[in-house]
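What follows is the residue order along each chain.
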Amino acid sequence: MGDVLAGIHATWEFDTDSVLIRFERGIRTPKLFQSLRERRIPYAALSSVTLTPGKRGTVVLRAVPRAGADPLVEAASGQLKEGCDPYRLVLPAEREVLAEYYADELRTLLDPASDEPADRFLVAAPEAPMNFKAYDGRAGFDGERVSFRWSWTGASSAKWKAGDQTFKVSELAGIVWRSPEALDGYLRLLPRAAAPVDHRTGGSLGDLHGPDGSGSAGGGSADGVPDAAPLTRAADQDPAAVLFGLGYGPVHESLPFAAAVLESVRRTQPAPAASAPALVNAGRRDPADIAERIHHLGELHRAGLVTDAEYTTKKAQLLAEL
């Protein structure tokens, strides 16, 4: 199309095979957008386009990505707030007619298989090297290896005993990212020995660990394929995980990091077998994991970092998962 559509916090530049999204760097622009700077989205990576009323006299043009097409979306696993969705373009209501024109134009450019999951990532991941400071250490990624360097103040004794960690991307099966805006946010790496690879979703394997990615995993098939090894350790005890919270591991730093690692993991994985077994949820959470998380929640409560109401609510949710 060769046109430009400027909105609030972002500008979309339409090309023959893709749309280039340039994010503003203003003080009111979400920090995730500022961190991403710009993203080129191939039309083949989109499943649909919507135009809906927004807040306070605005309309929202949204390009909906295909499942498995964008490592950032796969890593986020539905945890991004609406205002931080990089596929939304907010425009003044008086530009609704123009937005509707571009929505129609985009729809004509969608891939015939747009309603099917992508078999590979079609959107480029953030580039390495990258690093960020977590609550219990510092995480680094050079494109081939992920490193965790524990801090004196935040790391558990289990992590100190294990020592600083380095993981080759080729030895990982995937990642699980839990938003730092949750009480128990973390980034967990999944070694190949810990879980099988789900080639259908890009390798994040979040569906193996319950709704928050921290429960036990289980799966197999009737043809004798062994079950996945359960992940029973809480993130604060797992040397393959770093914790978030209290300003450590914010979304705009940890999510692009997770997406970059996930893309590299997927790229180094062997091609899936012709008859890969189905992966299923374990259904119930491991009691040891629940106990560890309640203990950690109690520590936050005693330190005054969680209110009485938050502590009671979260504890009840954890107990209900047993």
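Refer to the preceding data block for the structure.
All values reported here derive from a predicted model rather than from experimental measurement.

(A) Fine view of empty space enclosed by the protein. Scanning the model with the defined rule gives one cavity of 30 Å³ or more in all. Taken as a whole, the largest cavity holds about 40 Å³ of empty space. Around the largest cavity sit Gln-79, Leu-80, Lys-81, Cys-84, Trp-177, Ser-179, Glu-181 and Val-251, which together line it. Among the residues forming the lining of the largest cavity, the class breakdown is four nonpolar, two polar and two charged.

(B) Structural detail: the pattern of salt bridges. This model, assessed by the stated rule, comprises 14 salt bridges. Arg-188 serves as the salt-bridge partner of Asp-238, at 2.7 Å between the closest nitrogen and oxygen. Of this pair, Asp-238 sits in the loop between β13 (186-191) and β14 (241-243) while Arg-188 sits in strand β13; the two residues are 50 residues apart in sequence, bridging distant segments of the chain. Relative accessible area serves as the criterion here: at 2%, Arg-188 is assigned to the buried category. Taking relative accessible area as the criterion, Asp-238 reaches 8% and is therefore assigned buried. Taken together, the shared-partner salt bridges connect Glu-13, Arg-22 and Glu-38 into one network.

(C) Region of the structure containing unusual backbone geometry. With an omega of 5°, the peptide bond running from Ala-128 to Pro-129 counts as cis. Unlike most non-glycine residues, His-9 shows phi in positive territory, near 80°. Note that His-9 resides in the loop between β1 (4-6) and β2 (10-14). Although it is not a glycine, Leu-246 adopts a positive phi angle of roughly 55°. With respect to the helices and strands, the residue Leu-246 is situated in the loop between β14 and α5 (251-268).

(D) Up close: the sheet that holds β13. Spatial ordering of the open sheet is given by β12-β13-β14, a layout of three strands whose pairing is antiparallel. Taken across any chain shown, the strands that pair with only one partner, and hence form the sheet edges, are β12 (172-178) and β14. Geometrically, the sheet is characterised by an average inter-axis angle of 10° between neighbouring strands, direction not taken into account. Of the strand pairs in this sheet, β12 and β13 are connected by six bridges, and their pairing is antiparallel. By the bridge assignment, Trp-177 is partnered in β13 with Leu-187. On top of the sheet, α5 reaches β12 and β13; it is set at about 160° to β12, its chief contact.

(E) Examining the pairing of strand β8 (residues 130-133) more closely. In β8, alternate side chains face the same way, and those of Met-130 and Phe-132 are buried while those of Asn-131 and Lys-133 on the opposite face are not. Hairpin connection, β8 to strand β9 (residues 137-141): the antiparallel pair is bridged by three residues.

About the cut-offs
- Counting restarts for each chain, with residues numbered from 1 along the sequence as it is written.
- For this predicted model, a pLDDT threshold of at least 70 governs which residues receive local features, and a threshold of 80 or more governs which side-chain atom pairs are given and counted, while totals over whole chains, interfaces and linings are taken from all residues.
- The basis for the side-chain values is all heavy atoms of the structure; hydrogens and waters are excluded.
- Think of a 1 Å grid over the protein atoms and nothing else: a 1.4 Å probe that fits but is trapped marks a cavity, an open set flanked by protein within 12 Å on at least five of seven lines marks a pocket, and residues with an atom within 4 Å of a point count as lining.
- Grid points are joined across faces, edges and corners, and a volume is the space filled by probe spheres set on the points.
- Classification convention: Asp, Glu, Lys, Arg as charged; Ala, Val, Leu, Ile, Met, Phe, Trp, Tyr, Cys, Pro as nonpolar; all other residues, Gly among them, as polar.
- The term salt bridge refers to a pairing of a side-chain nitrogen on Lys or Arg with a carboxyl oxygen on Asp or Glu at a separation within 4 Å.
- Secondary structure elements follow DSSP: runs of H or I of four or more residues count as helices, runs of E of two or more count as strands, with numbering from the N terminus.
- When accessible area is computed with a 1.4 Å probe and restricted to protein chains, residues below 20% of their type maximum are described as buried, those above 50% as exposed, and intermediate ones as partly exposed.
- The pairing criterion for strands is at least two bridges between them, as found by DSSP.
- Angular values range over 0 to 180 degrees, each being the angle between N-to-C directions of two axes fitted as lines to C-alpha atoms, with helices fitted over their stretch in contact.
- Residues are treated as being in contact if the distance between any of their heavy atoms lies within 4.5 Å.

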